[in-house]
Amino acid sequence: MSLKVKSLKVKSHKSETIHDEKNKIMKKDTSKINSLENEAIYIIREVAAQFEKPVLLFSGGKDSITLVRLAVKAFYPAKVPFPLMHIDTGHNFPETIEFRDRLVKELGLELIVRNVQDSIDAGKVKEESGRYASRNQLQTTTLLDAIEEFKFDACIGGARRDEEKARAKERIFSVRDDFGQWDEKNQRPELFDMLNGQINLGQNVRVFPISNWTELDVWSYIEQENIEIPSIYFAHKRKVFLRDGMIWSAEDEVVYRDDNEEVIEEMVRFRTVGDMSCTAAVLSEASTISKVVEEIRDSTISERGARIDDKRSEAAMEKRKQQGYF
């Protein structure tokens, strides 16, 4: 009898120890997230103070949704003093577009939409065809035209340094020349929290307030703030097919599929929600934010691993950035 009681006491002690360790981790994570939030809000306020016509680039994805929450907090109780702009490839997931429209309506935000299809119709870019066709690269031209149209001098984006090695070279205030191009060798040093917004005529700046965040940080912030995000980020039954070891949506006519590529139904979710023609899903049972956070903690693969456009060449992202992409 005494042995049994002793065993129960040991188990109870171990359980309390594990619980205490979890609490310590949670407190540490909360402190880190609060610090990142303060930094991001400071950056967003600096943009409003230093630039005449800023805009927040909005895709309907988790990073840009996080930016919207940060912008709302930065200027509350006043309204966000700059518009949102979405460069719509025409191949977005329907869940993302529905969420985008509902969010801007609920928050009373101004939304500018410019379409890649218009650039194609005008002959400025050529539609790709074939097995790996995508409109993701084509949106660069549409974006640069929109910046020129509205004379935006600062574009706030949701890029993070952990996404892809080319983005790790970015500054928080990243200068683009009058052709919208990025030169990693011609970026200004950023010392401490001194952000230099002075630019020459024709130049503009891309601003990355969550540059120091990771994918896990974003999800932890979404969990902490109880932020609503598109349902496509959570595990759901979906018709898909396999190609090159990746899982593609088969619920639309956008993604090219060979006749011999079998459609199956799987429980999947999307870690990133770019152009559906180049964005693959992952097998998942994570149906809540907390389960997604757990899944990301255990993951050894970057979310960009599900983006086929990053795999076109070793320096695919860097080349697109040099041409004016995000």
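Details of the structure are given in the entry above.
Residues numbered from 1 in each chain as written. Predicted model: local features only at pLDDT ≥ 70, side-chain atom pairs only at ≥ 80, totals over all residues. Heavy atoms only, no water.

## Some remarks on the overall build of the chain
And step 1. Along the chain, the regular secondary structure elements total 8 helices and 10 strands.
And step 2. A burial count over the chain gives 48% of its 326 residues as buried.
And step 3. Long-range contacts, defined as pairs at least 24 residues apart, comprise 72% of the intrachain contacts of the chain with a sequence gap of at least 6.
And step 4. As displayed, the chain offers around 17000 Å² of accessible surface, 51% of which is attributable to carbon and sulfur atoms. (Helix = DSSP H or I, 4+ residues; strand = E, 2+ residues; numbered from the N terminus. Buried < 20%, exposed > 50% of the residue type's maximum accessible area, 1.4 Å probe, protein only. Contact = heavy atoms within 4.5 Å. Areas by Shrake-Rupley, 256 points an atom, 1.4 Å probe, with all protein chains shown as cover.)

## A few points about the side chain of Glu225
And step 1. Inspection of the secondary structure assignment puts Glu225 in helix H6 (residues 215-225).
And step 2. One polar contact links Glu225 to Arg69, side chain to side chain, over a distance of 3.1 Å.
And step 3. Within polar-contact distance, the side chain of Glu225 engages the side chain of Lys73 at 3.0 Å.
And step 4. For Glu225, the contacting residues outside a window of four places in its chain are Glu37, Arg69 and Lys73. (Polar contact = N/O pair within 3.5 Å; in protein donor to acceptor, adjacent residues only side chain to side chain.)

## Some details on helix H5 (residues 139-150)
And step 1. With 12 residues, H5 should cover 16 Å at 1.5 Å per step; its first-to-last C-alpha distance of 17 Å lies within 8% of that length.
And step 2. Regarding H5, the residues found buried are Gln139, Thr140, Thr142, Leu143, Ala146, Ile147 and Phe150. Projected onto a plane normal to the axis of H5, the buried residues spread over an arc of 165° and lie on a single side.
And step 3. In this structure, the buried residues of H5 make contact with strand S1 (54-57), strand S2 (84-88), strand S3 (111-115), helix H4 (116-121), strand S4 (154-156) and strand S6 (204-207).
And step 4. Where H5 terminates, the next one or two residues include Lys151, which has phi positive at roughly 60°. (Expected span 1.5 Å × (residues − 1). Arc of directions from axis to C-beta.)

## As for the nonpolar core
And step 1. Counting residues in hydrophobic clusters, the biggest one holds 61 residues, and the most contacted among them are Leu56, Leu70, Phe173 and Trp219.
And step 2. Dropping the residues within four chain positions of it, Leu70 is found in contact with Glu37, Ala40, Ile41, Ile44, Ile210, Trp213 and Tyr221.
And step 3. Val55, Met85, Ile87 and Phe150 belong to the second largest nonpolar core, which has 15 residues in total. (Core = buried A, V, L, I, M, F, W, Y, C linked by side-chain atoms within 4.5 Å.)

## Details of the sheet that holds S2
And step 1. On the basis of which strands lie adjacent, the open sheet formed by 6 strands has the order S3-S2-S1-S4-S6-S5 and mixed pairing. The outermost strands of the open sheet, each flanked by one partner alone, are S3 and strand S5 (173-176). Put simply, the sheet's adjacent strands are angled 30° from each other on average, direction ignored.
And step 2. With 5 bridges connecting them, S2 and S3 associate as parallel partners. Bridged to Met85 within S3 is Ile112.
And step 3. Taken strand by strand, helix H3 (residues 94-107) contacts S2 and S3, and its axis lies near 165° from that of S2. (Pairing = 2+ DSSP bridges. Axes fitted to C-alpha atoms, helices over the stretch in contact; angles between N-to-C directions.)

## A closer look at the sheet that holds strand S10 (residues 282-283)
And step 1. Pairing within the open sheet is antiparallel, and its 4 strands lie in the order S8-S7-S9-S10. Among the strands making up the open sheet, the edge pair consists of strand S8 (246-249) and S10.
And step 2. For strand S7 (residues 236-243) and strand S9 (residues 264-269), the ladder comprises 5 bridges, and the chain directions are antiparallel. Looking across to S9, one finds that His236 is bridged to Val268.

## Here we look at the side chain of Asn92
And step 1. Tracing the sequence through the fold places Asn92 in the loop between S2 and H3.
And step 2. On the accessibility criterion, Asn92 (12% relative accessible area) is buried.
And step 3. There is a polar contact of 2.4 Å between the side chain of Asn92 and the side chain of Asp88.
And step 4. Other than its neighbours up to four places away in sequence, Asn92 contacts His86, Ile97 and Met276.

## Let's talk about the pattern of salt bridges
And step 1. On inspection of all chains with the given rule, the structure shows 22 salt bridges.
And step 2. Between Glu261 and Arg131 there is a salt bridge, with its nearest N and O atoms 3.4 Å apart. Linking Glu261 in the loop between S8 and S9 with Arg131 in the loop between H4 and H5, this pair joins segments that are 130 residues apart in sequence. (Salt bridge = Lys/Arg side-chain N within 4 Å of Asp/Glu carboxyl O.)

Fair warning: the whole summary comes from geometry, so function is off the table for now.
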